[in-house]
Amino acid sequence: MTSRFADSLAVGADLAATAERAIGQALSRLGDQADLVCFFICGDEPEDVAAAGLRAMSLAPGAQVIGCSATGVIGDGHGVELAPAVSAWAATLEGARLTTFALETLTAEDGFVVVGLPERSPDDHVGILLADPYTFPTDAFVERSGEVLGDLPLIGGLANGMGGRGSVRLFADGQVYTEGAIGVMISGKVNVSTVVSQGCRPIGPSMVVTRAEENVLLELAGQPALGRLEDIVSELDEDDRELVASGLQIGLAMDEYAERHERGDFLIRGVLGIDPDREAVAIGDVVEVGRTVRFQVRDAATADEDLYDLLDAHREELGRVEGALLFSCNGRGSAMFGTADHDAVALRDTLGPIGMAGFFAAGEVGPVAGHNHVHGFTASALVFSSSSR
């Protein structure tokens, strides 16, 4: 198998012309031959974004093409936030089978039904998912994806638009979608893997949940949850206390049988608030009694270290990497690192001058410990290596 990848980034207020430039540059670097093309558009007016997306799809008639709107895009080793721009990524994948799809939600008596998923095949490797966060139940769909997709990894992100609700545009198979989700299934002779960097550092000890109601922690290790948290915070230095004040997180251990739980062993969720009367802590997930948890903090230095460590380990395991798609939280970039380029530069630093593009998402999709989840403040990447399987 041979794989070749290219990316490009174009900036300009005329979105249709900018999209044409971005797609054209990416395709030209592959000799105008591509099997899969992904593009991401940041623009002020949804109608202009839609027109640019239609133009982009028309330029690669022989390829499977998907894309979405965003509030920032990544390409050519850079990020562009809140400004008219288009990033494009193109790949030739000899031996791969690519199946694009569009998902919609139908209401049912006991909830909802998602239709549009392609039939599974034994040689499916990964599904890329781009969703409208306002109309598609991404969290519920992703968390329960194992019931339908088995162990198939999902990677991608929640699209957005500069106008928020109603401004999201999704693109697949030459069509423009204003709701739902789209994506592509990658199957056959291709070597792909995922990297999910949650960028947190544990504080305090690991503790077992001994009493809880839905997403409210009442007791940790037999003591009131709020008291446990206060004890942990009291032992922190001033810098870490500031991190706690600016946004405390909690990690849910993914392997209850591990002897120790360190950074990277947890699914990160936010701490939503406290209830002093009940001495309880509310978090952004439902936790069962018996689950091991550990409080976490996040800052730029920790997020930087976590991403570089994961990418270094990934490169050592896979060898030569040829291409990647990057879905980075819109709370990272300038807001976290002071530059929109950080995550793109990290991939180039560790994986080399590969074809890599993506966008700043309103939520990132990626597997942790073999289970698909929707994340926040995460960098999720789909990595293509040169060895086949």
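Located above this text is the structure these notes cover.
Residues numbered from 1 in each chain as written. Predicted model: local features only at pLDDT ≥ 70, side-chain atom pairs only at ≥ 80, totals over all residues. Heavy atoms only, no water.

Caption draft 1: The pattern of salt bridges, seen in detail. Taken as a whole and assessed by the stated rule, the structure comprises 14 salt bridges. Here Arg332 makes a salt bridge to Asp343, at a shortest N to O gap of 2.8 Å. Placement of Arg332 in the loop between β23 (321–329) and α8 (333–337) and of Asp343 in helix α9 (residues 342–351) is noted, with a sequence separation of 11 residues between them. Overall, Asp343 belongs to the buried group, its relative accessible area being 4%. Through salt bridges with shared partners, a single ionic network connects Arg97, Arg120, Asp123 and Asp124. (Salt bridge = Lys/Arg side-chain N within 4 Å of Asp/Glu carboxyl O. Helix = DSSP H or I, 4+ residues; strand = E, 2+ residues; numbered from the N terminus. Buried < 20%, exposed > 50% of the residue type's maximum accessible area, 1.4 Å probe, protein only.)

Caption draft 2: Spatial organisation of the packing of aromatic side chains. What the rule picks out here adds up to 7 aromatic pairs. Between Phe5 and Phe384 the ring centres are 5.0 Å apart and the planes differ by 45°, which places this aromatic pair in the tilted class. Linking Phe5 in strand β1 (residues 3–11) with Phe384 in strand β27 (residues 379–385), this pair joins segments that are 379 residues apart in sequence. Relative to Phe141, the ring of Phe136 lies with its centre 5.5 Å away and its plane at 65°, an arrangement referred to as edge-to-face. (Phe/Tyr/Trp six-rings, centres within 6.5 Å; stacked < 30°, edge-to-face > 60°.)

Caption draft 3: Structural detail: the packing of helix α1 (residues 15–28) against helix α2 (residues 46–58). The geometry of α1 relative to α2 is characterised by a closest axis approach of 8 Å and an angle of 30° between their N-to-C directions. With respect to each other, α1 and α2 are oriented roughly parallel. Of the two possible hands of crossing, α1 and α2 adopt the one that is right-handed. Touching Leu15, Ala16, Ala19, Glu20 and Ile23 of α1 are Asp48, Val49, Ala52, Arg55 and Ala56, all from α2. Looking at the contact of α1 with α2, its residues break down into 7 nonpolar, no polar and 3 charged. (Axes fitted to C-alpha atoms, helices over the stretch in contact; angles between N-to-C directions. Parallel < 35°, antiparallel > 145°, perpendicular 65-115°, else oblique. Left-handed = near helix turned anticlockwise from the far one by under 90°. Contact = heavy atoms within 4.5 Å. Nonpolar A, V, L, I, M, F, W, Y, C, P; charged D, E, K, R; others polar.)

None of this, on its own, says anything about what the molecule does.
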